[in-house]
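# Close look at the chain arrangement
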Amino acid sequence: MTKRIRFYRKIGILCLIMLAAGSFGGCGEKRGAESGEQSLEASPDNRDQFWKEAQETPYGKYPELVTYTLGQMSGANNSNLPEGDSYEDNAYTRYLRDMLNIQNRSIYLESEDKYDEFINILVKDRTIPDVLVISDRGMLKELVENDLVEDLTEVFENCTTDRIKEMYESYGGQVLESVTFDGKLMAVPETVIDHGPRLMWLRKDWMDQLGLEEPKTLEDAFKIVEEFVKNRMGTQEGEEPIGLACCTSLIGTTSSSYSMEPVFQYYGAEPQKWVEKDGEIVYGSVTRETQRGLYRLRQLYNKGVIDQNFVLRTQNNIRDLVIEGKCGAFFGLWWTPNNPLMDQQEKDPSAEWEPYYFESRRDIHTFASFRDTKYVVVRKGYEHPEIVMKIISVLFDYTRYEAENAEDVNEYFALNVDPTARPLVINVDYNEATYQVTRNMRKALAGEMPKENLSAIEKSYYAACEHYLEGGDVSSGDWAAFKSRISAVGLLVDGDYQPPKREYLEEMDGEIPQNLKSLEEDAFIQIILGKQPMAYFDTFVEEWYAQGGEELTSRVRKSHTK
């Protein structure tokens, strides 16, 4: 545990002592039950009033400890939690216990890559805990249809702050509508903040060793990777160079790296998304633009630019290659320094990674889905369904904007503690929060804005970035905060990147069934490897439509024109 964390905890304890004698509020909301336990001891007749206030306000503190069972997703490396912290005892859970008098009991804990499969078993067995995070809308519909989850309409209205409601409104009405069944709010959806395009992450120190100039285009970047391979960078005797890391799915989610979107987007393709083409909605993976993207990937594979063993790699295996210094190029989102590069930086501080942003065609009209969205549900019959709204209000409003004693919580951001450390593994924020945080931090670092004007979360990142710029005893967390928030997001801000307007499909039955997903992945891999000729793409398209794609496309088109 760093000296800085211990310092913040001392300050936090001092604040708690001071707050015990007073009261505070946030976002126009009353914290509720201030000095609640003290008042209850003096006036036990007020217990009903304190329970009522706790159950009907965002910040009302329960007069007795409320323990809830939780199905929780765990992250790699114990979610990067500081030594001594756990999923039931960390800055988030300690703050929630102090603020609300609640405690999670994580009776189901599973890693991200196995979580959905594990939760599916719980749902089938009808043994869900009090609070559960799921990442599949089909599963949500199954829970609702089987009457296994609580109606959250009233508790959302009562126990979320005005600011939380504003955050949801910043996405338009469809986010909440996606979890509304027969007029009832049956889950709390994550707000999938725009993470921007995939950036090319390259080993700048390898480029310097080889005397290579920084890339200006995507093709320049491929030539650099080709030089990495030719010069066997990162290899030892008997090892083969890796080249550009690539996952077998080719298209990633909002929480994955190593995908190939920039190659497809260069040709105006958007695989695995519904797009508008010639005035009609079509599935992006069956277009000629996607075929051209596949042809380029085939060329890159033949030249050795793409990892020759990519079909054998899992996400964790690729991550290990990066951390071990065997790989010097991959596509990843702005937060890539947090995972996996922070671990690689700890292992080899001399490794210098740099992000590069190459603009692609953005004129294609895509439709958003809820494929990457997580949802929080409450077990039917649980006596405190409001608890999830109170957690969301505290973690995503109060600690970020109002609290004077949330240093431990906000320090987690600078330390790059993974979101899986939270009791609810979701995020709720404004639509363009990522870019605004960086704009504000830049102004503060340049002296154009008083750092006191930063929000609590921005102050935490600011402190880490300032420490990185000062040099000296720089931690991997400081490095990751600067590389992600200033270097990576800064590229998008400077490049005037504009998040695409989200237009969700009205009917959410546009999710691709597993048989069509498998058909697509197999066909694309066979084409890239050269096992099938490029003309096989037409065969794939015919089979895709014949095996259910035609009916699915018709249903999506009809639902969107209602």
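### Comments concerning the overall build of the protein chain
Assigned secondary structure in the protein chain consists of 22 helices and 15 strands. A burial count over the protein chain gives 56% of its 562 residues as buried. Counted over contacts in the protein chain with a minimum sequence separation of 6, partners at least 24 positions apart contribute 75%. Carbon and sulfur atoms provide 45% of the accessible area of the protein chain, an area that totals close to 24400 Å².

### Focus: the side chain of threonine 420
As for its placement among the helices and strands, threonine 420 is situated in the loop between α17 (407–414) and α18 (433–445). Separated by 3.4 Å, the side chain of threonine 420 and the backbone nitrogen of glycine 75 make a polar contact. Setting aside chain neighbours within four positions, we find threonine 420 in contact with Gln72, Met73, Ser74, Gly75, Ser79, Tyr87, Glu112 and Val425.

### Considerations on the side chain of asparagine 104
With respect to the secondary-structure elements, asparagine 104 resides in strand β4 (residues 102–111). The class of asparagine 104 is buried, set by a relative accessible area of 3%. There is a polar contact of 3.2 Å between the side chain of asparagine 104 and the side chain of glutamine 103. In terms of polar contacts, asparagine 104 uses its side chain to reach the side chain of serine 106, at 3.2 Å. The residues touching asparagine 104, leaving out its near neighbours within four places in the chain, are Tyr68, Leu70, Gln72, Tyr87, Glu88 and Thr93.

### A word on the sheet that holds strand β13 (residues 353–356)
Spatial strand order, β12-β9-β13: three strands in an open sheet with antiparallel pairing. Both edges of this open sheet fall to β12 (329–332) and β13, since each of them pairs with a single strand only. This sheet shows a mean twist of 30° between the axes of neighbouring strands, independent of strand direction. Where strand β9 (residues 199–203) and β12 come together, four bridges link them in antiparallel fashion. For tryptophan 201, the partnering residue across the bridge sits in β12 and is phenylalanine 330. Strand contacts of helix α15 (residues 337–347): β9, β12 and β13, with the helix running at about 5° to β9, the strand carrying the most contacts. Each of β9 and β13 is contacted by helix α20 (residues 476–494), which is oriented at about 20° to β13, the strand it contacts most.

### Brief notes about the nonpolar core
Among the nonpolar cores identified, the biggest contains 86 residues, and Ile102, Ile134, Leu140, Ile387, Val388 and Leu424 are the most heavily contacted of them. By residue number, the principal contributor to this core is helix α16 (residues 387–402), which donates nine residues. With sequence-adjacent residues up to four places away left out, isoleucine 134 is seen in contact with Ile119, Met139, Leu140, Leu143, Thr373, Lys374, Tyr375 and Val377. Within the second largest apolar cluster, 51 residues are counted, among which are Phe222, Cys246, Phe310 and Leu505.

### Things to note about the sheet that holds strand β3 (residues 66–74)
Read from one edge to the other, the open sheet built from five strands follows the order β4-β3-β5-β15-β8, with strand pairing classed as mixed. With one partner strand each, in any of the chains shown, β4 and β8 (188–189) form the two edges of the open sheet. Here β3 runs beside strand β5 (residues 131–134); their pairing, made up of two bridges, is parallel. Looking across to β5, one finds that leucine 70 is bridged to valine 131.

### Focus on α17
Most of α17 sits out of view: seven of its eight residues are buried. Considered for burial, the residues of α17 that qualify are Asp408, Val409, Asn410, Glu411, Tyr412, Phe413 and Ala414. At the exit of α17 stands asparagine 416, carrying a positive phi of roughly 60°.

### Topic: the environment of isoleucine 306
On the secondary structure map, isoleucine 306 appears in the loop between α13 (288–302) and α14 (315–323). With 23 residues separating them in the primary sequence, isoleucine 306 and alanine 329 have C-alpha atoms 9.6 Å apart. Contact partners of isoleucine 306, with chain neighbours within four places excluded, come to Ile242, Leu244, Cys246, Leu297, Leu300 and Tyr301.

Parameters and conventions
- Residues numbered from 1 in each chain as written.
- Predicted model: local features only at pLDDT ≥ 70, side-chain atom pairs only at ≥ 80, totals over all residues.
- Heavy atoms only, no water.
- Helix = DSSP H or I, 4+ residues; strand = E, 2+ residues; numbered from the N terminus.
- Buried < 20%, exposed > 50% of the residue type's maximum accessible area, 1.4 Å probe, protein only.
- Contact = heavy atoms within 4.5 Å.
- Areas by Shrake-Rupley, 256 points an atom, 1.4 Å probe, with all protein chains shown as cover.
- Polar contact = N/O pair within 3.5 Å; in protein donor to acceptor, adjacent residues only side chain to side chain.
- Pairing = 2+ DSSP bridges.
- Axes fitted to C-alpha atoms, helices over the stretch in contact; angles between N-to-C directions.
- Core = buried A, V, L, I, M, F, W, Y, C linked by side-chain atoms within 4.5 Å.

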